[in-house]
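Now for the letters of each chain:
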Amino acid sequence: MMDMVSSSEANNNEQNARNPTTTSSSSSSPLPAVVVSSSSSSSLRGGETRHEPRPLSGIGGVGGTHPGFMGKHRMTAAIGYLDQQIQIIQDELDQLDTLGQSSVVCKELITSIESVPDALLPETKGPVETGWDRWFQGGHGSRNRKKWI
Amino acid sequence: MSVAELKERHLAATQTVSALRDQLKQKRLLLLDTDVAGYSRSQGRTPVSFGPTDLVCCRTLQGHNGKVYSLDWTPEKNRIVSASQDGRLIVWNALTSQKTHAIKLPCAWVMTCAFSPTGQSVACGGLDSVCSIFNLNSPTDRDGNLPVSKMLSGHKGYVSSCQYVPDEDAHLITSSGDQTCGLWDITTGLRTSVFGGEFQSGHTADVLSVSINGSNSRMFVSGSCDSTARLWDTRVASRAVRTFHGHEGDVNAVKFFPDGNRFGTGSDDGTCRLFDIRTGHQLQVYYQQHGDNEVPPVTSIAFSISGRLLFAGYSNGDCYVWDTLLGQVVLNLGTLQNSHEGRISCLGLSADGSALCTGSWDSNLKIWAFGGHRKVI
């Protein structure tokens, strides 16, 4: 969500402003079919002739409400897209056979974190850079360390 | 083939995708024998412990007349550029709190800004669908305004986020409400690559943020209203390297982990997550109830330089400091003395990791640093 402008103030690019997601985020839901639909929401205003592809969620969404609307070409393209998705997911499934478990990665993560000096931690690996405390020096280069409470 | 037959094929393909996706989810779950918090506890790690005056607000940068939407540090020294609802970019010296530039934008509806690697230019974008570049060394025009030195046009929707490719001032990556990301050559003003788009294997809704891998600048990650994050290789624009599922709402923020092998996300579902780019594993979910059963969206995230801390800004004004290893909140900057009076919309760490800058809807930016006693191991 982003609360940028009131609708009366926005310029005519507002029709491109964020729309909430129309697709389910769960990985078990179907991928959206990309269709042209005149019933889509704010991106098509009265008199607007530009057709924006709008994702439709749900299996029955394909041309369901407008049987003649989506042409064969677009339908074929949508099927091609889905076939591509199938291949991508299949490849990922095959890849999983060779992947290690998450514990291997977690071990690597701890090593990575603990190898880097970090100015914002109360306990950290060294070396400490002299510049880390510049935010508390009154005047440039002064050695006075003030507590900014 | 008739339309009816095509519809049948489409339905069958959709169902296959759904089934395969389920299979993938189950198979991945089997490989998640532990999350980061569980593993770290088993290795005897304890949460980071902050004293009450350890992390303090040591500067408040005042000057904007509207909500701050975005900020970015220079890769060197102490300068920050910020973008605000007031239609201006301000360049600050964070150490001295001085403003070095106040740039009035041709389009006031700005959403994002970025500092170039050399610190000589800044970029911004917003509802005008254009990314504008300003050279900070240019002479100002008659009205005292810095002229636009380049306009990167091509997106068909708002520019939500932009970042320069590290080590060079000549290329930048954008994310857009038109569901694509773009790689731009600033010298020519042309878009070199479009990531995603119609019928490409890209995002299926507005893209809200990008983050370039600091260790390998050919890789970047994007977050979208389609609830996924995607990893891209700039050499392969036609399809994402990997898509990361898990979030249940818009992914508002993405940020690469310092070691370049992982990245974090922040979402409308109120969680932050850590993903591994090589295996695709979701390593950790960072979620804590905020009280009153509310689950405020995460607006922005940043990692400390080692990655041990994850800073997350929420829409209710909280700014949780997560211990990334133990999966616990160790501090809330939103409740500290001298904190912001509104939502924290953007966060960023200085190049040396010694300071965090937060930008807020209260129109201020604040600098936070560690002022306590530091124990060196």
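Residues numbered from 1 in each chain as written. Chains lettered and ligands numbered in written order. Predicted model: local features only at pLDDT ≥ 70, side-chain atom pairs only at ≥ 80, totals over all residues. Heavy atoms only, no water.

- As recorded in an unreviewed UniProt entry, chain B goes by Guanine nucleotide-binding protein subunit beta-2 and comes from Coffea arabica.
- Under the UniProt heading Function (unreviewed entry), the entry covering chain B gives this text: "Guanine nucleotide-binding proteins (G proteins) are involved as a modulator or transducer in various transmembrane signaling systems. The beta and gamma chains are required for the GTPase activity, for replacement of GDP by GTP, and for G protein-effector interaction."
- What the UniProt record of chain B gives under Sequence similarities (unreviewed entry) is the line "Belongs to the WD repeat G protein beta family." (UniProt positions renumbered as here; feature names shortened; annotations may be inferred.)

- Labelled according to an unreviewed UniProt entry, chain A appears under the name Guanine nucleotide-binding protein subunit gamma 1, originating from Coffea arabica.
- UniProt, in its Subcellular location (unreviewed entry) section for chain A, records the words "Cell membrane".

### Observations regarding the side chain of S345 of chain B
All names here are of chain B.
- Here S345 is to be found in strand β26 (residues 344-349).
- Among the polar contacts made by the side chain of S345, one reaches the main-chain carbonyl oxygen of V68 at a distance of 2.4 Å.
- Contacts of S345, omitting those with residues within four sequence positions, involve V68, Y69, T299, S300, G359, S360 and W361. (Helix = DSSP H or I, 4+ residues; strand = E, 2+ residues; numbered from the N terminus. Polar contact = N/O pair within 3.5 Å; in protein donor to acceptor, adjacent residues only side chain to side chain. Contact = heavy atoms within 4.5 Å.)

### As for the nonpolar core
- Formed by 23 residues in total, the largest nonpolar core has its most connected members in C272 and L274 of chain B.
- Listed by contribution, the elements that provide at least two residues to this core are α2 (102-114) of chain A together with α2 (36-42), β20 (272-276), β21 (282-286), β22 (298-303), β23 (309-314) and β24 (319-323) of chain B.
- Of all the elements, α2 of chain A adds the most residues to this core, at 5 residues.
- The residues contacting L274 of chain B, other than those within four sequence positions of it, are L109 of chain A together with V36, F257, R262, F263, G264, H281, Q282, L283, Q284, Y286 and F303 of chain B.
- Counting residues in hydrophobic clusters, the runner-up holds 20 residues, among them C319, L331, L347 and W368 of chain B. (Core = buried A, V, L, I, M, F, W, Y, C linked by side-chain atoms within 4.5 Å. Buried < 20%, exposed > 50% of the residue type's maximum accessible area, 1.4 Å probe, protein only.)

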